[in-house]
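Commentary on secondary and tertiary structure
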Amino acid sequence: MSNMSAIVAGVAFVTLAAANVGVMLEASQPSRSAAKRSRLIAAHRVGGYLFVILLCIMAYSMSQRLAGVGITGHLPTHLVLHIALVLVLVPLLFLKILIARRYKHSHSSLKALGIAIFVISFVLVAIPALSELLRSASPGSLGLRLGTGLIVTVCMVQCVLVLRNRKRPRASMESRTPEIPLQPTSLTNRENAKKPVNLLVAQIEQQTHDTKTLRFQIPDGRQLSAKPGQFLTFQWTIDGQRIIRSYTISSSPIQGNYVEITPKRIENGCVSVFLNDRAKSGLSVEASGPYGEFYFDEALHKSIVLIAAGSGITPMISMLRYVDDLNLATSVTLLYCVRTSADIIFESELVRLSRSLPNFKYEVCLSRPEPTWKGRSGRLTEEFVSQNVTDLPSPTFFLCGPNGFMDNARQILSTLGVNQDRILQESFGGSGPSPESGPLDARMFETVVFLQSGKVCRVSPGSTLLDLAERNGVQIPYGCRQGQCGTCATRILSGAVQMGVEAGLTAEQRTAGYVLPCVSRAKGTVVLSA
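Every value quoted in this text rests on a predicted model; they were computed, and no experiment measured them.

1. Section: the overall build of the protein
Looking only at helices and strands, one finds 14 helices and 17 strands in the protein. Counted over contacts in the protein with a minimum sequence separation of 6, partners at least 24 positions apart contribute 69%. Carbon and sulfur atoms form 58% of the exposed surface of the protein, whose accessible area is close to 27,900 Å².

2. Thoughts on the environment of Val-201
Secondary-structure assignment places Val-201 in strand 1 (residues 197–208). Sequence spacing of Val-201 and Ile-218 is 17 residues, and the spatial spacing of their C-alpha atoms is 9.5 Å. Setting aside residues no more than four positions away along its own chain, Val-201 makes contact with Leu-214, Arg-215, Phe-216, Lys-280, Ser-281, Gly-282 and Leu-283.

3. Some remarks on the nonpolar core
Of all hydrophobic cores here, the largest spans 28 residues; its most connected members are Leu-306, Met-316, Leu-320, Leu-334, Tyr-336, Phe-360 and Phe-398. For this core, the elements supplying multiple residues, two or more each, are strand 7 (303–309), helix 9 (313–325), strand 8 (331–338), helix 10 (347–356), strand 9 (360–366) and strand 11 (396–400). The dominant element in this core, judged by the number of residues it contributes, is helix 9, at 7 residues. Apart from the residues lying within four places of it in its own chain, the contact partners of Met-316 are Phe-294, Leu-306, Ile-307, Ala-308, Phe-398, Leu-399 and Cys-400. One finds Val-448, Phe-450, Cys-457 and Ala-522 within the second-largest nonpolar core, a separate group that totals 25 residues.

4. Points about the side chain of Ser-252
Within the secondary structure, Ser-252 sits in the loop between strand 4 (241–248) and strand 5 (258–261). Taking relative accessible area as the criterion, Ser-252 reaches 4% and is therefore assigned buried.

5. Some remarks on the packing of aromatic side chains
For the structure on display, the rule yields 8 aromatic pairs. A ring pair is formed by Phe-216 and Trp-236, whose centres lie 6.4 Å apart and whose planes are at 50 degrees; its orientation type is tilted. Taken together, the residues Phe-216 in strand 2 (residues 211–217) and Trp-236 in strand 3 (residues 231–238) connect sequence positions 20 residues apart. Judged by relative accessible area, which is 0%, Phe-216 ranks as buried. In this structure Trp-236 comes out as buried when scored by relative accessible area, which is 2%.

6. Here's the deal with the packing of helix 9 against helix 10
Interaxial distance between helix 9 and helix 10 falls to 11 Å at its minimum, and their mutual angle equals 35 degrees. Of the two elements, helix 9 crosses helix 10, and the hand of that crossing is left-handed. Mapping the contact onto sequence places Ile-317, Leu-320, Arg-321 and Asp-324 in helix 9 and Glu-349, Leu-350, Arg-352, Leu-353 and Ser-356 in helix 10.

7. Details of the pattern of salt bridges
Per the stated rule, a full pass over the model turns up 12 salt bridges. Among the ionic pairs, Arg-242 bridges to Glu-470, the shortest N-O distance being 3.9 Å. With Arg-242 in strand 4 and Glu-470 in helix 13 (residues 465–471), this pair connects stretches of sequence that are 228 residues apart. For Arg-265, the salt bridge goes to Asp-277, with nearest N and O atoms at 2.7 Å.

8. Details of the sheet that holds strand 2
The antiparallel open sheet is built from 6 strands, whose spatial order is 4-3-6-1-2-5. Bordering the open sheet on either side are strand 4 and strand 5, each of which pairs with just one other strand. Strand after strand, the sheet turns through a mean of 35 degrees between neighbouring axes, direction not considered. Relative to strand 4, strand 3 runs antiparallel, the two sharing 8 bridges. Bridge pairing in strand 4 links Phe-234 to Arg-245. Each of strand 2, strand 3, strand 4 and strand 5 touches helix 8 (residues 270–277); the most contacted strand, strand 4, lies at about 80 degrees to it.

9. Comments concerning the pairing of strand 9
Bridging between strand 8 and strand 9 involves 7 bridges; their strand directions are parallel. What sits directly across from Cys-337, in strand 9, is Cys-365. What joins strand 8 to strand 9 is helix 10, and the crossover it makes is right-handed. Across 2 bridges, strand 9 lies against strand 10 (residues 376–377) in parallel orientation. Its bridge partner lying in strand 10, Leu-366 is registered against Ser-377.

10. Examining helix 9
Quick reminder: α-helices carry 3.6 residues per turn. Residues three or four places apart thus point the same way. The terminal C-alpha atoms of helix 9 lie 18 Å apart, and with 13 residues this matches the ideal 18 Å at 1.5 Å per residue to within 8%. The buried fraction of helix 9 is high, at 13 of 13 residues. Asn-327 occupies a position one or two residues after helix 9 and carries a positive phi of about 55 degrees.

11. Here we look at the confidence of the model for the protein
When pLDDT is averaged along the protein, the result is 79, and 75% of the positions lie at 70 or above. Overall, residues 165–194 carries pLDDT values under 50, and its contacts beyond four positions in sequence, including any with other chains, amount to 47 contacts. Across residues 428–444, confidence stays below pLDDT 50; counting only partners more than four residues off in sequence or on other chains, it has 30 contacts.

12. Regarding unusual backbone geometry
Look at the link from Gly-289 to Pro-290: it is a cis peptide, with omega at 10 degrees. Here Pro-290 shows up in strand 6 (residues 284–291).

13. So, helix 12 (residues 403–415)
Between the first and last C-alpha of helix 12 there are 18 Å, a value that for 13 residues agrees with the 18 Å anticipated at 1.5 Å per step. Taken as a whole, helix 12 has its buried residues at Phe-405, Met-406, Ala-409, Ile-412 and Leu-413. Buried residues along helix 12 cover an arc of 125 degrees about the axis, so they all sit on one side. In helix 12, those exposed residues whose orientation departs by more than 90 degrees from the buried face are Asn-403, Gly-404 and Gln-411. Where the residues of helix 12 are buried, they touch strand 7, strand 8, helix 11 (382–388), strand 11 and strand 12 (423–425). One or two positions beyond helix 12, positive phi appears at Gly-417, with a value near 90 degrees.

14. Here's the deal with the state of the cysteines
The tally for this structure, following the rule as stated, stands at 0 disulfides. There is no disulfide at Cys-337, and the cysteine sulfur nearest it, in Cys-365, is 4.8 Å away. Under the relative-accessibility criterion, Cys-337 is labelled buried at 10%. In this model Cys-488 remains outside any disulfide bridge; the closest cysteine sulfur is found in Cys-518, 3.7 Å from its own.

Cut-offs applied
Residues numbered from 1 in each chain as written. Predicted model: local features only at pLDDT ≥ 70, side-chain atom pairs only at ≥ 80, totals over all residues. Heavy atoms only, no water. Helix = DSSP H or I, 4+ residues; strand = E, 2+ residues; numbered from the N terminus. Contact = heavy atoms within 4.5 Å. Areas by Shrake-Rupley, 256 points an atom, 1.4 Å probe, with all protein chains shown as cover. Core = buried A, V, L, I, M, F, W, Y, C linked by side-chain atoms within 4.5 Å. Buried < 20%, exposed > 50% of the residue type's maximum accessible area, 1.4 Å probe, protein only. Phe/Tyr/Trp six-rings, centres within 6.5 Å; stacked < 30°, edge-to-face > 60°. Axes fitted to C-alpha atoms, helices over the stretch in contact; angles between N-to-C directions. Left-handed = near helix turned anticlockwise from the far one by under 90°. Salt bridge = Lys/Arg side-chain N within 4 Å of Asp/Glu carboxyl O. Pairing = 2+ DSSP bridges. Right-handed = clockwise from strand over helix to strand, strands pointing away. Expected span 1.5 Å × (residues − 1). pLDDT = per-residue confidence, 0-100. Arc of directions from axis to C-beta. Disulfide = S-S within 2.5 Å.

Here you go:
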């Protein structure tokens with residue numbers, strides 16, 4: 001290899017090493033979207049392959065120079081050091097490739113290895129380059145002065161950067177959230193409900209024509225302790241009106257610096273329209289939670305089947321990202337039903353996960369397929385499930401989607417012999433009209449007595465006890481407003497209520513006569529202790 005070729009190869013070698021470190025650091029930034037992170041990871045992978053190829057070429061050239069000579073005491077010291085650095089670089093590259101393939105969540109190790117490889121590559125190229133520069137230059141020559149000036153400039157820049165880092169407050173360094181935080185145990189879900197957190201929209205990403213992902217930055221010192229599949233309850237302020245809505249977390253709980261939701265735009269849906277049409281970066285909102293009993297637990301669920309429709313994919317993508325982040329060996333099958341190919345939420349993310357997770361497979365079924373669609377079409381059927389889930393007795397099934405879809409899925413699984421205790425279903429309560437309330441009759445209003453507050457109120461059928469309490473100034477603490485967290489549990493002294501969800505009550509509370517006002521509706525005259 002000629003001197004000029006060697007210099008060009010050396011510069012390219014060091015440039016690739018530096019670029020790979022930069023790309024890796026950029027990809028690890030929490031503000032990066034999933035799509036951009038995937039592109040950066042792909043670029044890092046290509047750069048890594050080019051780096052290995054160039055190293056092989058340079059090693060071959062070196063071996064040709066040493067052929068018939070070997071590594072003896074007659075070799076110059078700088079050449080021996082050169083050979084030693086190559087021998088160190090090869091196992092480091094092998095170790096980095098192994099970690100990237102098998103232990104993808106070890107970001108700190110990958111960063112340290114990347115930086116070490118860059119430093120060794122730089123020294124590997126700098127030694128012969130500096131030696132050649134000094135050998136060919138005469139004292140006081142322009143080239144020597146330029147080279148010396150460049151080295152001094154680089155050293156001064158490094159010193160400035162070190163001094164700036166030392167001047168940063170120690171507290172801010174200690175408050176940094178680790179890349180893969182442990183699930184904290186000091187805050188339970190109910191404690192979180194009593195301590196709402198202010199979240200700030202950091203980024204918005206378009207998923208489909210009517211769905212967006214909103215990424216919220218989590219304040220320093222606060223961790224949500226979420227489990228994959230749970231939801232948050234938000235208090236939105238829209239046109240001066242406070243509106244409470246719950247949204248499932250779509251990001252992985254491992255990402256401690258941020259949390260994401262993916263609302264689908266629904267016509268005449270006040271909050272969903274606002275989030276898709278008007279929400280901007282910098283928007284602040286108060287959230288409580290996480291809540292919900294619909295979540296993946298790797299200690300209990302060794303094999304899972306996710307059956308989703310439409311925006312019901314959101315808790316499922318959180319579970320898949322969690323499995324990917326921790327490199328779990330969990331067997332996962334996803335059956336995803338949507339109308340058209342344009343309605344497939346997280347399409348590129350599902351493709352990425354199918355390549356990243358060896359034990360993950362998924363099938364998309366379109367109810368209104370385009371002529372060019374080559375995949376499954378129709379609706380969720382017994383045949384569709386049995387074709388894709390061959391070991392029915394083993395996995396735990398997670399269902400999420402419209403009520404009719406989930407009822408159909410549960411019926412199909414029951415027909416296939418799946419035990420009901422292995423079927424988990426996303427179930428939300430709410431303050432909408434009671435399904436049992438028919439046309440208004442002579443008994444148009446029920447009476448509710450709030451004993452401690454000394455108030456007697458009339459409530460129309462369909463209104464929850466919590467709604468009534470808020471309208472009349474009765475203070476009942478609440479969290480999720482979905483019957484999941486139990487924060488609003490209140491004792492009923494007389495009368496009867498229709499309660500849509502009981503998940504937030506303990507067995508002792510049920511025995512003692514407690515109800516959940518957020519999902520309870522009066523049936524006749526009711527007396528509450530509030």
